[in-house]
Each structure stands twice: as structure tokens, then as C-alpha cells.
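Given next are the chains, with one letter for each unit.
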Amino acid sequence: MSFGDLFSMALRNLLARKLRTFLTALGVLIGTVAIVVMTSFGFGLTAQQEDMVSSFGDLEMLDVMPGYDDSGQEKKITKASFEDLKSLEHVASITPVYSFSVSLKHRRYENMMTSVEAVDADAFRSWGYEMASGSPLKHDGDIVFGSNVVKYFYDPRGSYEMEFDENGNYVEPPPLFDPQNAKLEIINDGATMDMAFMGPMSTTTITEGDEQKAKSIKGKVTGVMAEQGNYMTDQNVFISTDTYRDWIKSLGLPEIPKNTYNHLKIQVDDGDNVRAVENKIKEMGYEVQGLLSLLDELNKFSRIISAVFAGIGSISFVVAAIGITNTMIMSIYERTREIGVMKVIGASIQDIQRLFLVEAGMIGLFGGIMGLALSLIISMGINNFARTMAANNGGELTTGISIIPWWMLLIGLAFSTLIGVASGYLPARRAMRLSALDAIRSE
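Residues numbered from 1 in each chain as written. Predicted model: local features only at pLDDT ≥ 70, side-chain atom pairs only at ≥ 80, totals over all residues. Heavy atoms only, no water.

A. The arrangement of the nonpolar core in detail. In this structure, Val64, Leu85, Phe145, Tyr244, Trp247 and Ile281 are the most contacted members of the largest nonpolar core, which totals 46 residues. If near-sequence neighbours (up to four positions away) are discounted, tryptophan 247 is found in contact with Phe100, Ile143, Ile186, Ile217, Ile239, Gly252 and Leu253. (Core = buried A, V, L, I, M, F, W, Y, C linked by side-chain atoms within 4.5 Å. Buried < 20%, exposed > 50% of the residue type's maximum accessible area, 1.4 Å probe, protein only. Contact = heavy atoms within 4.5 Å.)

Right under this line is the structure:
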């Protein structure tokens, strides 16, 4: 008997008992919805974590600091080791980084505790940041603003009141001035965070402003970056290492150590190669920090959540499997005479077994299709509700909290069908073993 014949016969038998078939498929539908929707929360959590970590900085960037060897001795980054790191495969650019903070003043507007990063100008240009105006670092004395730096200037003599729209959402005030070509007073008044030779996640110290006399120099903004979508870039001011050397004596900043580096920034050529480069740097004995490692740790948590949700949802599938088994056994009792006739007219026991397996598989398939369709509708509704709630509270949901990948639909459909076939195996074996004469005699 061909598969087409088995399929049409199985479909006819299922349609002959529409209510029972629907109720059995309903169990598969509920199981499919439970496991797919609950698993989708895990994928949504992963996407939100990736979006959050990406907002902190570039996933392809690695921060390298001196490490410690097996004996506990500090392993410094020398000029020789700098060249070794530079020559590593997949390293697109490398630069020393000197981080510190100063106060900025433009006319009467001020920005206290502004974070500044001094980097190699060639490396900065190679990072490919889009500029809203002006140009990236090119010459000694260039000052490049991140997109959000100007928003933190304020008028110390003015008054400030928060504004809200008709829906109660906070309205961000416009910038007080156009930063491009703005003339600045750069001030080190002692109330600054000295981070010049510490890693980006190290503890910083703050000194009181009256402990030393304020020092200042003049400067001009030569470029403003377009919004990059990450906090570390959009909030920072960038200068070249040559400019930093000029500022050292004028502002009383720490001297650059000779022949050693305390903080390097490495850009990897592709996100897929970050882990390989990170592992090589660790093997060399240096401390390395990257956002991808943070994301990996967060994803471990989301995978646990996904597994728990999937485990809870699978309980519904177990119940659905029991329902399919019960339906098929009842069908055998009702169709005992029919099974006997099939055997007498020449149907093989394998054909009878396949018929019941196809019927059980079709119940799982139909239930899976309906369950996946309902899962997509529920997921869409959950995301729309979440976006509405976020908007009403002045926020924005960039990724859905329920995400169903396309491959999850295929797996769900295959799994529900497999559950149906597996549930019909024992009833099919029972039908196969029925005696033809006893089956014909049964009423």
C-alpha cells in the first residue's frame, strides 16, 4: 500500500470522528503553544541582553591591561609585547588608551566630570565612526565630541525645569549650543576622576576641588560623532595621544610611562574572531576585558531560563501524548472488525501498523500547525502590549520580549509530529497483532 493510499485512508478515518480528532489535536495544540511561547521568552531575554551590552560599547573591542604570571609577578605590556599583540591574527588596530576626566566650559555653559579618552589618531580613524559634523582625529589639538556630550552642558546661572508631553513622557531639552567649532575651556580643578592608567572597569578616586589650584587650557571642537548607540562612545570626548602629551603639564595630568603601557584597546576584524583573539591574549598572560565575554555570561543565565521554561512547557506535551495514545487505543477497539477484514483481503500487518502510525502522526501534525499559528499570534500580542507599556512609561522596547525564530517553528512542527507518531506506536503494534479471525468474529 502506497503512502498516498495510507494518507487518504488515515484522513478519512480521522474526519469520520471529527470531535474526537479535534479534542486530541487540541492537546497537541496546547502543548505546542506552551513550549514555543515559553521558550520564546528565553530568546527575547537573549536579544534584550545583546541589545543592552551593545549599548555599552563595541562588541569587537577588547581592553587589555597588564596581567600576572603563575608566580604572581605582574606581567607588564612593553613595547615588544605591544608589537606582539599588534601582529596577532585578526587584530585590525591597536592603540594605547589614557582615560581621565576634566570639566569643560563653553561661554557660560559647563559640563562637569567629562570623560576623555586619548587614543592613537590613526586607530581612531580606522574604527570607522560616522561623523555628524567635522572630521575624526587628524591633527594635534583635535577634540572630537561623542554625540551626547553636548547634552550634559548646563547653565549654572539658569533654572531648569523638566518638561513632559501630554502623555506624561519626559521631553529632552534641545542642546544649549552647536558643539561643532565651539571654543572650550578645559579645566582640571582637582575634582576629577584620575583614570589615566587604570582599566576601564577599575575603581577610580575622586579628590576634593579645593586641594589644588584649578588648571585650564583652551581648545576647540573639531568634530562631532554621529550617535553610535553605545554609552561609552556617545558620552566620551576623544583626543589623540599627541594632544594628551601637550595637556600633561598644562593640566597637571599623569605622565605617560616610558616603554610600558597600562591600557590598550584592540579592535578585532570581525565579531566571530573576538573569542579567538581574547583567548590568545590571555595565553600571553595579560588581562583582557570585552563586552562579548560579559554577553556570554549573561547568555548562560538566559539559556538556563529557556531550559526551565521548555521543561515546564513539555509537561503539556506529555499530557498530549497520553491523549493521542488513548484515542488510538479506543479507535482500535471500535475498528477491530475493520482491521480483521483488512487482513483477510490481503493487507499486510506492516500496512496496518503504518496506517495507525500515520493517523497518530497526522493528529500531531494538525495540532502542531494550529499551535504554531496560535503561538505567533500570542507572541505578537505580548510584544505589542510590552511596547505600549514601555511607551506609556517614557521608554522604548527595541527588541521583543517574545521572539520565535523561524527554525523554532520547524522544530516545533517536527516535534509535535514525532510526538504523535511515538504515541501511536503501541496502539499500532496492538492492531498489528490482532488475529484476523477473532477480529472478524468481534461485534
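B. Looking closely at the side chain of glutamate 278. If you trace the backbone, glutamate 278 turns up in helix H7 (residues 274-283). Excluding residues within four positions of it along the chain, glutamate 278 makes contact with Leu62, Val288, Gly290 and Ser293. (Helix = DSSP H or I, 4+ residues; strand = E, 2+ residues; numbered from the N terminus.)

C. Expanded view of the environment of lysine 300. By secondary structure assignment, the location of lysine 300 is in helix H8 (residues 291-334). Judged by relative accessible area, which is 44%, lysine 300 ranks as partly exposed. As for lysine 300 and threonine 46, which are separated by 254 residues in sequence, their C-alpha atoms are 9.4 Å apart.

D. Inspection of unusual backbone geometry at higher detail. The backbone of arginine 107 shows a phi angle near 55 degrees, a positive value even though the residue is not glycine. Note on placement: arginine 107 falls in the loop between strand S6 (98-106) and strand S7 (109-119). According to the relative accessible area criterion, arginine 107 is exposed, its value standing at 69%. Phi at methionine 113 takes a positive value of approximately 55 degrees, unusual for a residue other than glycine. Residue placement: methionine 113 occurs in strand S7.

E. Representation of the pairing of strand S5 (residues 91-96) within the structure. Counting buried positions over the six residues of S5 gives five, a clear majority of the element. As paired elements, S5 and strand S16 (residues 264-268) share five bridges and run antiparallel to each other. Within the sheet, the bridge partner assigned to threonine 95 lies in S16 and is lysine 265. (Pairing = 2+ DSSP bridges.)

F. Molecular detail of the confidence of the model for the protein. Of all residues in the protein, 81% attain a pLDDT of 70 or more, and the chain-wide mean is 79. Per-element confidence in the protein is highest for strand S9 (residues 143-145), whose mean pLDDT is 95, and lowest for helix H13 (residues 436-441), whose mean pLDDT is 53. This stretch, residues 191-211, has a pLDDT under 50; its non-local contacts, to residues over four places away or in other chains, come to 47 contacts. (pLDDT = per-residue confidence, 0-100.)

G. Region of the structure containing the sheet that holds S5. The strand order across the open sheet built from four strands is S5-S16-S1-S17, with neighbouring strands paired in antiparallel fashion. Of all strands in the sheet, those with a lone pairing partner are S5 and strand S17 (287-290), marking the two edges. Going across the sheet, the axis of each strand differs from the next one's by a mean of 25 degrees, ignoring polarity. Bridge count for strand S1 (residues 61-65) against S17 is four bridges, and the pairing is antiparallel. Paired with valine 64 across the bridge in S17 is valine 288. Relative to the sheet, helix H3 (residues 79-86) contacts S1, S5 and S16, its axis offset from that of S5 by approximately 155 degrees. (Axes fitted to C-alpha atoms, helices over the stretch in contact; angles between N-to-C directions.)

H. Local environment of the packing of aromatic side chains. As enumerated under the stated definition, the model contains twelve aromatic pairs in all. Ring plane angle 25 degrees and centroid distance 6.3 Å describe the contact between phenylalanine 145 and phenylalanine 153, whose orientation is recorded as stacked. Take phenylalanine 145 and phenylalanine 153: they sit in the same class, and that class is buried. Ring pairing ties together the aromatic residues Tyr98, Phe100, Tyr244 and Trp247, which thus form one cluster. (Phe/Tyr/Trp six-rings, centres within 6.5 Å; stacked < 30°, edge-to-face > 60°.)

I. Structural detail: the pairing of strand S14 (residues 237-240). Because side chains alternate across S14, one face comprises the buried residues Val237 and Ile239, and the other comprises Phe238 and Ser240, equally buried. Bridge count between S7 and S14: four bridges; the pairing is parallel. Residue pairing for S14: valine 116 is matched across the bridge by valine 237. Bridge analysis of S9 against S14 gives two bridges, and the strand direction is antiparallel. Opposite phenylalanine 145, over in S14, you have valine 237 as the bridge partner.

J. View of the environment of alanine 360. Mapping alanine 360 onto the fold places it in helix H10 (residues 349-392). Judged by relative accessible area, which is 0%, alanine 360 ranks as buried. Distance from alanine 360 to threonine 417, taken between C-alpha atoms, is 8.3 Å for residues 57 residues apart in sequence. With residues up to four places along the chain from it excluded, the contact list for alanine 360 reads Ile324, Met328, Gly420, Val421 and Gly424.

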